[in-house]
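If you want the building blocks of each chain, they are given just below.
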Amino acid sequence: MNRRMGALLVTALATVAVVGATTAAQAAGSGATRIAFAPGTTSGEVTGQLGSGGEADYVFGAAAGQTAVVQFDGPHNSRWVLVSPSGSPLHNGMTQQQRQVTLALPETGDDRLDVETGAAGRYTLDLTIPVRIRFAPGATSGTVSGNVAANGDVAYLFGARAGQVATVHFTGPRNSRWTLVSPSGSPLHTQMTQQQSRVTVTLPETGDYWLDVLGGDAGRFSLTLQIPAG
């Protein structure tokens, strides 16, 4: 996925609506099961039981340029494959990494995700599609807002360079929190941090940072991200 690093790589969204339906899988016309997200979340989980050599087929909708994170746990020799709307393979059963994979989605439409098992057993698959925070051309900040479910989470991504300074202003429902994780996975701000309304963090790496809003009570939140140019 092509992206410019730094504060000016982000285009501002005054409001990002989190689109969802239900985390319960819904039947798709292709015979696969649709993975949909509950309102106020950017992830969904499906589970199932398969016999030896069994297969379960899923689809999910996404836009070109979005990022998908797949977390998978299953019986011995179980695998999953991901195919784009046009049929291009994005992840296959021979790929060594199966438990957690981050992928850039190249097309708009329904991606197909199939679980394949070697041994009989139960599997769990969690799909997250974060929303990218973008700044308007020439701007150094942007605001996103939406509804977060009780005990749910809304995931965001933003790109930055090592050494830049990010300031986050956050308001949300009671007991809501946010976390910030570096591109390599180091926690920079956690839900246990006492200060949540306004925090400034020096960003240690170049790449995509994860910022998750975590709901305590359900309700509406607003988050402004500021990264001065330079």
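What you are looking at is a predicted structure, and each value in this text was computed from that prediction instead of being measured. (Residues numbered from 1 in each chain as written. Predicted model: local features only at pLDDT ≥ 70, side-chain atom pairs only at ≥ 80, totals over all residues. Heavy atoms only, no water.)

Student: Looking at this model, I keep getting lost on the sheet that holds strand β3 (residues 43-50). Mind explaining?
Tutor: One open sheet holds the four strands; their spatial order is β3-β10-β5-β8, and the pairing between them is antiparallel. Only two strands of the sheet have a single partner each, and these edge strands are β3 and β8 (100-104). Averaged over neighbouring strand pairs, the angle between their axes works out to 20 degrees when direction is ignored. Across eight bridges, the pairing between β3 and strand β10 (residues 121-128) is antiparallel. When the bridges of β10 are listed, T47 appears paired with T124. (Pairing = 2+ DSSP bridges. Helix = DSSP H or I, 4+ residues; strand = E, 2+ residues; numbered from the N terminus. Axes fitted to C-alpha atoms, helices over the stretch in contact; angles between N-to-C directions.)

Student: Help me out: how do you make sense of the side chain of D212 in this one?
Tutor: Note on placement: D212 falls in strand β18 (residues 207-214). With no salt bridge to any partner, buried D212 finds its closest opposite charge in R132, at an N-O distance of 12 Å. Apart from residues no more than four positions distant in its own chain, D212 is found in contact with D153, V154, A155, Y156, R177, W178 and T179. (Buried < 20%, exposed > 50% of the residue type's maximum accessible area, 1.4 Å probe, protein only. Lys, Arg positive; Asp, Glu negative; His and termini not counted. Salt bridge = Lys/Arg side-chain N within 4 Å of Asp/Glu carboxyl O. Contact = heavy atoms within 4.5 Å.)

Student: What is the right way to read the confidence of the model for the chain from this model?
Tutor: Detail in the predicted coordinates should be disregarded across regions flagged by low pLDDT. Model confidence for the chain is summarised by a mean pLDDT of 85, while 87% of its residues fall at 70 or above. Mean pLDDT across the secondary structure elements of the chain bottoms out at strand β1 (residues 26-27), with 40, and peaks at strand β14 (residues 165-171), with 97. Counting contacts from residues 1-29, a segment whose pLDDT is below 50, to residues more than four positions away or on other chains yields 86 contacts. (pLDDT = per-residue confidence, 0-100.)

Student: Would you explain the pattern of salt bridges in this entry?
Tutor: Inspection of every chain in the model, using the stated rule, returns six salt bridges. Where D114 meets R112, a salt bridge forms, and the shortest distance between an N and an O atom there is 3.3 Å. Owing to a relative accessible area of 10%, D114 belongs among the buried residues under this scheme. Classification of R112 by relative accessible area gives partly exposed; the value is 27%. Measuring nitrogen to oxygen at the nearest pair gives 3.1 Å for the salt bridge that ties D217 to R174. Of this pair, D217 sits in the loop between β18 and β19 (219-226) while R174 sits in the loop between β14 and β15 (177-181), placing them 43 residues apart in sequence. The structure contains a network of salt bridges with shared partners spanning D57, R112 and D114.

Student: Help me understand the sheet that holds β14 in this model?
Tutor: Remark on secondary structure: sheet strands pair via backbone hydrogen bonds, oriented parallel or antiparallel. Read from one edge to the other, the open sheet built from four strands follows the order β12-β19-β14-β17, with strand pairing classed as antiparallel. Only two strands of the sheet have a single partner each, and these edge strands are β12 (141-148) and β17 (198-202). Across this sheet, the average inter-strand angle for adjacent strands is 20 degrees, counted without regard to direction.

Student: Looking at this structure, I do not really get the side chain of D114. What am I missing?
Tutor: Within the secondary structure, D114 is located in strand β9 (residues 109-116). Of the polar contacts made by the side chain of D114, one reaches the side chain of R112; its length is 3.3 Å. Those residues in contact with D114, other than ones at most four positions away along the chain, are E55, A56, D57, Y58, R79, W80 and V81. (Polar contact = N/O pair within 3.5 Å; in protein donor to acceptor, adjacent residues only side chain to side chain.)

Student: Looking at this structure, how should I read unusual backbone geometry?
Tutor: The bulk of non-glycine residues show a negative phi, and the bulk of peptide bonds are trans. If you check the backbone angles, N77 has positive phi at about 65 degrees while not being a glycine. Here N77 lies in the loop between β5 (67-73) and β6 (79-83). Of note, N175 is a non-glycine position whose phi angle comes to about 70 degrees, a positive value. Relative to the elements of secondary structure, N175 occurs in the loop between β14 and β15.

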